[in-house]
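# Architecture at a glance
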Amino acid sequence: MSTPMPTPAVTKIEPSPGAPMVQSLISFLEHEVQPMIVLDPNYTILAANVAYQRQFGSIGQPVTGHKCYRISHHYDAPCDQAGEHCPMKKARELRGPDRVLHIHHTPRGPEHVAVELRPIFDAGGTITAYVERLEVVRSASAKPSEEGLVGRSAPFNRVLSALQRVAPSMLSVLLLGESGTGKELFARAVHESSTRAAGPFVVVDCSGLTETLFESELFGHEKGAFTGATSRKPGLVDTAQGGTLFLDEIGDVPLSMQVKLLRLIESGTYRRVGSVETQHANFRLVAATHKSLEHMMARGEFRQDLYYRISAFPIALPPLRERPDDIALLVQSFLRRAGAGKRPLTIDADAMAQLQRRPWPGNIRELRNVLDRASLFADDGVIRVEQLLAAPVEQGAWSGMALRGASIPLAEVHATFGGTRKELAAHLGLSERTLYRRLKALGIA
């Protein structure tokens, strides 16, 4: 995020309301490289700087004279009346600035936009206008994307908003959430939105590392430090210099190593295995875990002092079951990625509806795996319900689903269908030969 808006030029402007004040604001805004607009208290756009027109404007469609909620959201009423946070309403109540993350309609399609709005006061202390600054959030996509974070639901936007606030700082971030919720992608987004974006992003997978391996991987080692150490090896802390160090599954760090990790974070110094020379670290810390560190502390499995060092800014990532509005967006994104450089993949409405009904205990990782498997059965490039069912999903994976048409397992469809095999094949969208092959594999041919 950019630096806070300069307060002297926007908190109080002497010209009286009307054209002179607007012209003064325009004169100020034209020197700003960030997109900015001026609004009256009735949500009408009075002026927009060149940066705004270049980034958010449409050719032949001026924004001045139109309501901001109409231009940005295509709403017929202010955001708060549409169930969203309205920064103008909040700024009016606070008589001060307000910030929010919204999804705006732009010439490039829907995009996440960080909005900062400040009231403008006349000499008598009355709010006569508002200045709004907008910044597109590049670390996430509100439309199908072949890489990175994807989402537009309210739970996703809350996390993204928190991420945008903490990213410019040097606070340690702790990402909490179930397995498969995309913790590494969120950690990378913190890095890419920070002042260290040009530096390295280094991942340390803490799960499964023994004490010796963990220390050597993290701090590096000197030649001859242990059997097999034939040369000096820099550690991941060295590699992360000037960038971000991401400790994934930090709950798996051995208790005996936690004190050394604490020392690294507190002092910014460390020693390679087999060395007495002190090294100085320079990284921003992001950690993640699917475990309850509070419960681990109560059991004596995780140091309390380390916990408070890594959790300066905790962010709870929502499971996929709390993001049903994002499933279609995620599906389209995964199909784009799977079809990159190959035949395009699509999904029909019934199959999409079934995916949206599933509870997804494995979260986004499970959704991606199901689509990858189903795509292998989509001979014509279209994933249908039968392709989802034909994929070798785990035992009982679909047991909680509603019994609707072909949403039951293939063997049960065969058992309950009243027509011929040829008619069943047509019903499932398969060739008769393919149906025979799959039924044979199930032992019912």
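This write-up is about the structure you can find in this document. Quick caveat, the model's predicted, so the values are computed rather than measured.

### A word on the sheet that holds strand 8 (residues 173-176)
The strand order across the open sheet built from 5 strands is 9-12-15-8-16, with neighbouring strands paired in parallel fashion. Two strands close off the open sheet at either side, each with one partner strand: strand 9 (201-205) and strand 16 (313-316). Between one strand axis and the next, the sheet turns through 20° on average, direction left out of account. Both strand 8 and strand 15 (residues 283-289) contribute to a ladder of 4 bridges, which runs parallel. For Leu-176, the partnering residue across the bridge sits in strand 15 and is Thr-289. This element, helix 6 (residues 154-166), spans strand 8, strand 15 and strand 16 of the sheet and lies at about 160° to strand 16.

### Some details on the pattern of salt bridges
Across all of its chains, the model carries 18 salt bridges by this definition. Between Lys-260 and Glu-215 there is a salt bridge, with the nearest N and O atoms lying 2.9 Å from each other. Of the two residues, Lys-260 sits in helix 10 (residues 255-267) while Glu-215 sits in helix 8 (residues 211-219), which places them 45 residues apart along the sequence. Accessibility expressed as a relative area gives 27% for Lys-260, which makes it partly exposed. Glu-215 sits in the buried class, given a relative accessible area of 16%. The partner of Arg-323 in a salt bridge is Asp-326, and the shortest N-O contact between them spans 2.8 Å. Note on accessibility: Arg-323 and Asp-326 belong to one class, buried.

### Some details on the sheet that holds strand 2 (residues 45-48)
The strand order across the open sheet formed by 5 strands is 2-1-5-4-3, and the pairing between neighbours is antiparallel. Of all the strands in the sheet, the pair left with one neighbour each is strand 2 and strand 3 (98-106). On average, each strand axis in the sheet is tilted by 30° relative to the strand beside it, whichever way the strands run. Pairing between strand 1 (residues 36-39) and strand 5 (residues 127-136): 4 bridges, direction antiparallel. Across the sheet, the residue bridging to Ile-37 is Glu-132, located in strand 5.

The rules behind the values
- Residues numbered from 1 in each chain as written.
- Predicted model: local features only at pLDDT ≥ 70, side-chain atom pairs only at ≥ 80, totals over all residues.
- Heavy atoms only, no water.
- Pairing = 2+ DSSP bridges.
- Helix = DSSP H or I, 4+ residues; strand = E, 2+ residues; numbered from the N terminus.
- Axes fitted to C-alpha atoms, helices over the stretch in contact; angles between N-to-C directions.
- Contact = heavy atoms within 4.5 Å.
- Salt bridge = Lys/Arg side-chain N within 4 Å of Asp/Glu carboxyl O.
- Buried < 20%, exposed > 50% of the residue type's maximum accessible area, 1.4 Å probe, protein only.

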